[in-house]
Amino acid sequence: MSMFGIFLVLPITNGFSMKEYCHKNDFSCEQPFFNQQGKREFGRCSSINVLRRMLRLGMIDCVRECLVTSQCTGINYRPDWQMCDVVGEINHGDLEVEDGCVYSYISTWPESLAGVCRAYDCDIGEKCLFEDNKVRCEQVYCVNNPNPDKAISDEKFGNHKNLGAGLKFRCKNAINSRDMLIHFAYIQEDGTLNFDAF
């Protein structure tokens, strides 16, 4: 193999590492070379029931995040933004046309990508973590709907439920210029909204 070939192979194999999700003695888990990728719908995404939104992730990492997050049934992936949305249950009709976005049902991906977490169920709002050879669950998203009454999201890709996130809203049926102002809410660590944070 030429030196050029080695430089091409190394980033590919390192990009699929799952060390953080696998037992230290399970090398086959750390390097999952699966035969089939999940079914993807190009140019469609869901803006509702987005449980978590993460930046700077590749698509396989996004799939992993869905597999280890409770209530996740699919992902939105925006490759140009390296943006991953972990999406809860939706109807197929809830998918909207969105250029540059890919939606994929998690059931079409190999569960082996979840590592040891594939056999572990966390409560709603939690994600499974494998650290120090122990499996544990950690709260990562708000269980309740973060949309305040009489308000609509002003987020470019819709709201999400990440703990610690700031969300933009504006009033529904705005009648005057004050109602058209953008308001902010902060999802606190206990999952409640704080409108005084900004």
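Quick note: structure is the one above.
Asker: It is not clear to me how the sheet that holds strand β4 (residues 83–87) should be interpreted in this structure. Could you clarify?
Answerer: Paired through backbone hydrogen bonds, the strands of a sheet run either parallel or antiparallel to each other. Taken in spatial order, the five strands line up as β1-β5-β3-β4-β2 in an open sheet, and their pairing is antiparallel. Each of the sheet's edge strands pairs with one partner strand only, and the pair in question is β1 (41–45) and β2 (50–55). When the angles between neighbouring strand axes are averaged without regard to direction, this sheet yields 35 degrees. Where strand β3 (residues 74–78) meets β4, five bridges bridge the pair, whose relative direction is antiparallel. Paired with I75 across the two strands is V86, which belongs to β4. Together, β2, β3, β4 and β5 (96–105) form the strand contacts of helix α3 (residues 59–67), whose direction differs from that of β3 by roughly 155 degrees.

Asker: How do you make sense of the pattern of salt bridges when you look at a structure like this?
Answerer: Between side chains of opposite charge, a pair can form as their charged atoms come close. Inspection of the entire model under this criterion finds nine salt bridges. Of the charged contacts, one joins D85 and R53 as a salt bridge, the two residues approaching to 2.7 Å between their closest N and O atoms. On the criterion of sequence distance, the pair formed by D85 in strand β4 and R53 in strand β2 is long-range, its members being 32 residues apart. A single burial state applies to D85 and to R53, both of which are buried. The partner of R78 in a salt bridge is E98, and the shortest N-O contact between them spans 2.7 Å.

Asker: Sorry if this is basic, but what is going on with the state of the cysteines here?
Answerer: Every disulfide links exactly two cysteines, by a covalent bond between their sulfur atoms. Within this structure, the stated rule accounts for five disulfides. The disulfide bridge from C45 ends at C101, spanning 1.6 Å between sulfur atoms. The sign of the -65 degrees torsion about the S-S bond sets the C45-C101 disulfide as left-handed. Pair noted here: C45 is in strand β1 and C101 is in strand β5, with a separation of 56 residues, a long-range link. Accessibility expressed as a relative area gives 2% for C101, which makes it buried. A sulfur-sulfur separation of 2.1 Å characterises the disulfide bridge that pairs C62 with C84. Across the S-S bond of C62 and C84 the torsion is about 80 degrees, and the bridge reads as right-handed. Placement of the pair is C62 in helix α3 and C84 in strand β4, with a sequence separation of 22 residues. As far as the burial class goes, C62 and C84 line up, both buried.

How each quantity is defined
Residues numbered from 1 in each chain as written. Predicted model: local features only at pLDDT ≥ 70, side-chain atom pairs only at ≥ 80, totals over all residues. Heavy atoms only, no water. Pairing = 2+ DSSP bridges. Helix = DSSP H or I, 4+ residues; strand = E, 2+ residues; numbered from the N terminus. Axes fitted to C-alpha atoms, helices over the stretch in contact; angles between N-to-C directions. Contact = heavy atoms within 4.5 Å. Salt bridge = Lys/Arg side-chain N within 4 Å of Asp/Glu carboxyl O. Buried < 20%, exposed > 50% of the residue type's maximum accessible area, 1.4 Å probe, protein only. Disulfide = S-S within 2.5 Å.

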